[in-house]
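Working through the structure, step by step
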Amino acid sequence: MAAKKSKKKEPGLVEYKPGAPYPGVIGRTIDESSPAWPAPARAKEGAPNVLFFIIDDIGYGQLSTFGGPVETPNIDRLAERGLRYTNMHTTALCSPTRGCVLTGRNHHTLGLSAITELSMGYPAHNGMIGFEHGFLPEMLLEHGYNTFCLGKWHLTPPEETTPAGPFSRWPLGRGFERYYGFLGGDTDQWHPDLTHDNHPVPQPATPEEGYHLNVDLADKAVEFIQDAHVNAPEKPFFMYYATGAAHAPHHVEEEWADKYKGKFDQGWDKLREETFARQKKMGIVPADAELSVRDPDVPAWDSLSAEAKKMFAREMEVFAGFMSQTDHHFGRILDFVEKIGELDNTLIVVLSDNGASAEGGPEGSVNEVLFFNSAPETLEDNLKALDKWGGVDTFPHYSWGWTWAGDTPFRRWKRETFRGGTADPCVVFWPKGITAQSENRSQFGHAIDLVPTVLEALGLEPPAEIRGVAQSEIQGASFAHTFEDARAPTKHVTQYFEMFGHRAIYHDGWRAVCPFPGPSFAEAAEKGRFFGGPLTAEVLEDLEKESWELYHTAEDPAETKNLAAENPDKLRELIELWWTEAGRYGALPLATADMARLNTPRPKISKDRDKYVYYPGGAPVPFAACPRVFNRPHSITAEVVIPGGGAEGILLALGNRHGGYSLYVKDGKLHYVHNYCGLEKFKVSSPDKLPAGELSLRYEFEPTGEPDFKIGKGSPGRGQLYVNGELVANAEFPYTVPNAFGIIGLSCGYDVTDAVVPEDYEAPFTFTGELKQVVLDVSGELIHDEEAEIKRLMAKQ
């Protein structure tokens, strides 16, 4: 007998929102049931892509887009079909600004009063962005977006950046589906420390093969977009593209730097005047605006020697070439998005994270590792490297004279809350959504405004919760209403600023600033204060009485006329408002970058040890997590098996050509090299070849004197080599690196990315024998240069 046919009608595809009641029918059998599916996240039809291009350490007056001397034709073309926001602000520092950009909340609310390396146990300072402060990619994932992050991150506590995790504050833990870049504050552009998604990876090519990080990041950006587009062409993407440029090191191919040959010979004084004139012509500053006066820390160009002028001009040529090259490769991403027909429906925001950086000091630096160690940075040393400035053998930064010029028309620079530190170039592009083109917008804005602006442009509301976590209030204000109306009033009327005790408040066209330690390094020193000095209650009382300045920025955008004496009532009103806003957004207690902050006990993922055991291969240990061997007795012991034909390669290495150490076998002999800041190398080698068989190879360092931190010299000492417990060689090291080797971490059995001793071997120089393990013993007492460590961390912003 034939089976009876079911009379049930096949339903169409039924979907429901995950978490909602199941709308289908569940019977005893399939023919008595009706299916329904959890609906996947889908974007609205025609939803735009979103692309944030966050540039590092670019001042208001550096890009050609804002009247500057550095040619950026791709950012220019966005501005020509988009809008320049000429009154946009940031926090004056990188990590805090990046947190604001991605969450729409103020940096103290996020716990990002500074970089995560300077965290303290207070909500404003702990460096741990809570999950109640959702990131934009987390929000957009729920609306059907792909989310990609490339380049600099610097939003994870350093103790959480090792392969042991946790990974919840890495990019993939905060809503990004793909990541490629570097987790810290800066990296070598020729030999970067790279992370792909949640794991470290080697660079795909060498500089000799054409490698540069900007090339690599653009390649990966195109790859991420392409891979998603060919599989789901209707699916929009959010990309956070954050280059290491133009943060030091200023690394670039020589041909890019040479494009600017002779273009800065006029010096920084004349360059400011030229930039200011262009800014007026472009309507970026009012026609009647005044240029801020000479910075007291910057010498007049005409007072410099011919040699100094030659050196400083080359520093700026390399910087300009670096930024132009960055723009070029960003243009390759724009070209690909245009190729797939998506450019006009991509909402692009270009923004610098803070003002130009003065971390190169008065002379500039051939190798920032010298700065990290308080070693002298002299014009003479820089001149020796003039012809290779920006190449693989340098880790350079320019003189702060160019910083001052780069922040035209404003005062001061990064880390300070005068407008030179907080006012930044910003471009918004979206031809399909904004009909106005090549116009300026002068409404006050801040980095916290980007998230609410994007959400409004996309027609989305901030989520009440993300992954079950109730969300805090978005603190920024959308400026989407200004896209078509140049005269629309800003919705962001009040904004406080604070960075290392340097404070400011903006309110309705007025600005009050309280500089700490002072309006210049020279003036601060006269009062016995210094950057990183203590900010005690007594000092604070003095600041409140004497240091606040008042400016009517609606009429005086460059803060040239201090009206504090003329208008004390307005100043008092703004000071009180600063304290109100600081309380509202959790900016207290005030803290500077002093030694107590550096030495703050912090929770650790792993306990401190006297002995660290490493095995060959595997991921490198990030430099921030490496055992500190400076100025203390320590030893490295490698257990190996040397085959009959001999072996060679790395046993243990840390750092790169700019500073580090390496224990290795070459030409059958054991060698140890201590690379002092890329300037000198101290070496000890065994006189005889190593025998075949099982061996214990050991290096010991015994300090023979005290470090001299003031001149960047670590403890002198004796380097000794042992084979199976027998002393085979020793050498006297006149001094050593006192505080920091650089940015490349530790690797066992190979040298990661770049050789510590490039004249002796090429990375990775993998050990060809059997390497069982390496033990690094640091049980000797550590002598720590706290001031140099603060300097190192402050430069990693």
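Going by the structure above, here's the rest.
Summarised in this report is the structure supplied together with it. (Residues numbered from 1 in each chain as written. Predicted model: local features only at pLDDT ≥ 70, side-chain atom pairs only at ≥ 80, totals over all residues. Heavy atoms only, no water.)

Thoughts on the pairing of strand β12 (residues 426-429)
To be explicit about the condition: When accessible area is computed with a 1.4 Å probe and restricted to protein chains, residues below 20% of their type maximum are described as buried, those above 50% as exposed, and intermediate ones as partly exposed. The numbering of helices and of strands both runs from the N terminus, where a helix is a DSSP run of H or I of at least 4 residues and a strand a run of E of at least 2. Should DSSP find at least two bridges between two strands, the strands are regarded as paired.
Side chains C426 and V428 project from β12 onto one buried face, and the interleaved V427 and F429 project onto a second face that is buried too. When strand β4 (residues 83-85) meets β12, the two strands line up antiparallel, connected through 3 bridges. Bridged to Y85 within β12 is C426. In terms of strand pairing, strand β11 (residues 346-352) meets β12 through 4 bridges, oriented antiparallel. Looking at β12, one finds that V349 is bridged to V428.

Considerations on the packing of helix α1 (residues 73-80) against helix α7 (residues 306-339)
Selection criterion: Angular values range over 0 to 180 degrees, each being the angle between N-to-C directions of two axes fitted as lines to C-alpha atoms, with helices fitted over their stretch in contact. Any angle between 65 and 115 degrees counts as roughly perpendicular, while under 35 counts as roughly parallel, over 145 as roughly antiparallel, and the rest as oblique. Contact between two residues is taken to exist if any of their heavy atoms lie within 4.5 Å; hydrogens are not considered. Here the nonpolar group is Ala, Val, Leu, Ile, Met, Phe, Trp, Tyr, Cys and Pro; Asp, Glu, Lys and Arg are the charged ones; every other residue, Gly included, is treated as polar.
One can describe the packing of α1 onto α7 by two numbers: an axis separation of 7 Å at closest approach and a directional angle of 55°. What the angle tells us is that α1 and α7 run oblique. For the pair α1 and α7, contact is made by P73, N74, I75, R77 and L78 and by M323, D327, H328, F330, G331, L334, D335 and E338, respectively. Tallied by class, residues from the contact of α1 with α7 come to 6 nonpolar, 3 polar and 4 charged.

Focus on the environment of L78
Mapping L78 onto the fold places it in helix α1. Each C-alpha atom, one on L78 and one on L351, is 12 Å from the other, the two residues being 273 residues apart in sequence. Other than its neighbours up to four places away in sequence, L78 contacts F330, L334, I348, V350, V427 and F429.

Looking at the environment of S292
Just so we agree on the cut-off: Within 3.5 Å is the distance limit for a polar contact, defined as a pair of N or O atoms, with the added protein rule that one can donate a hydrogen and the other accept it, and that residues adjacent in sequence qualify only through two side-chain atoms.
Topologically, S292 is positioned in the loop between α6 (267-281) and α7. For the pair S292 and Q437, spaced 145 residues apart in sequence, the C-alpha to C-alpha distance is 30 Å. Residues within four places of S292 in sequence aside, it is in contact with R272, P409, F410, R411, A558 and T560. Among the polar contacts made by the side chain of S292, one reaches the side chain of R272 at a distance of 2.8 Å. A polar atom in the side chain of S292 sits 2.9 Å from the backbone oxygen of P409.

Description of the packing of aromatic side chains
Definition in use: Stacked, tilted and edge-to-face are the three classes applied to pairs of Phe, Tyr and Trp rings, where Trp contributes its six-membered ring and a pair requires centres within 6.5 Å; stacked means planes under 30 degrees apart, edge-to-face means over 60, and tilted covers the rest.
In the structure shown here, the tally under the stated rule is 40 aromatic pairs. Relative to W153, the ring of F135 lies with its centre 6.1 Å away and its plane at 35°, an arrangement referred to as tilted. Pair noted here: F135 is in the loop between α2 (94-103) and α3 (136-141) and W153 is in the loop between β6 (146-152) and β7 (178-182), with a separation of 18 residues, a long-range link. With a centroid separation of 5.9 Å and 25° between ring planes, the pair formed by F682 and F733 is classed as stacked.

A short note on the sheet that holds strand β24 (residues 659-666)
With antiparallel pairing, 5 strands are arranged side by side in an open sheet as β26-β25-β24-β23-β30. Unpaired on one side and paired on the other, β26 (680-685) and β30 (746-748) mark the two borders of the sheet. Between one strand and the next, the sheet's axes are offset by a mean angle of 10°, whatever the strand orientation. Sheet topology places β24 next to strand β25 (residues 669-676); 7 bridges connect them, and they run antiparallel. For L663, the partnering residue across the bridge sits in β25 and is Y672.

Considering the side chain of T162
Residue position: T162 is located in the loop between β6 and β7. T162 gets classed as buried once you look at its relative accessible area, which sits at 16%. Among all residues touching T162, those that are not within four sequence positions of it are F167, W170, P622 and A625.

So, helix α15 (residues 568-584)
Cut-off, in case you're wondering: Multiplying one less than the number of residues by 1.5 Å gives the expected span of a helix. Working note: the arc is built from the helix axis to C-beta atom directions.
Compared with the 24 Å implied by 1.5 Å per residue over 17 residues, the 24 Å span of α15 between its first and last C-alpha is a close match. When α15 is considered as a whole, its buried residues turn out to be K570, L571, L574, I575, L577, W578, E581 and A582. Angular distribution of buried residues about the axis of α15 spans 165°; they occupy a single face of the element. Along α15, exposed side chains directed more than 90 degrees from the buried face belong to D569, E576 and R584. The secondary structure elements touched by the buried residues of α15 are β17 (494-499), β18 (502-507), β19 (510-514), α14 (537-546) and β20 (549-551).

Digging into the pattern of salt bridges
Put simply, the test is: Between Lys or Arg on one side and Asp or Glu on the other, a salt bridge is scored when a side-chain nitrogen of the former is within 4 Å of a carboxyl oxygen of the latter.
Tallied over the full model, the rule gives 44 salt bridges. For the salt bridge of E359 with R415, the shortest nitrogen-to-oxygen distance reads 3.7 Å. With E359 in the loop between β11 and α8 (368-372) and R415 in the loop between α10 (400-406) and α11 (419-422), the pair connects residues that are 56 residues apart, well separated along the chain. Here E359 matches R415 in class, with each residue buried. Taken together, the salt bridges that share partners define one network made up of D56, R98, K152 and D353.

Comments concerning α14
Along α14, the positions that sit buried rather than exposed are V539, L540 and L543. Axial view of α14: buried residues confined to an arc of 100°, hence all on one face. Among the exposed residues of α14, those oriented more than 90 degrees off its buried face are A537, E538 and K545. On its buried side, α14 packs onto β18, β19 and α15.

Remarks on the environment of S113
Residue placement: S113 occurs in the loop between α2 and α3. By relative accessible area, which is 3% here, S113 ends up buried. In contact with S113, other than residues within four places in its own chain, are P96, H107, H108, A124, H125, M499 and R597. Reaching out from S113, the side chain makes a polar contact with the side chain of H125 at a distance of 2.6 Å.

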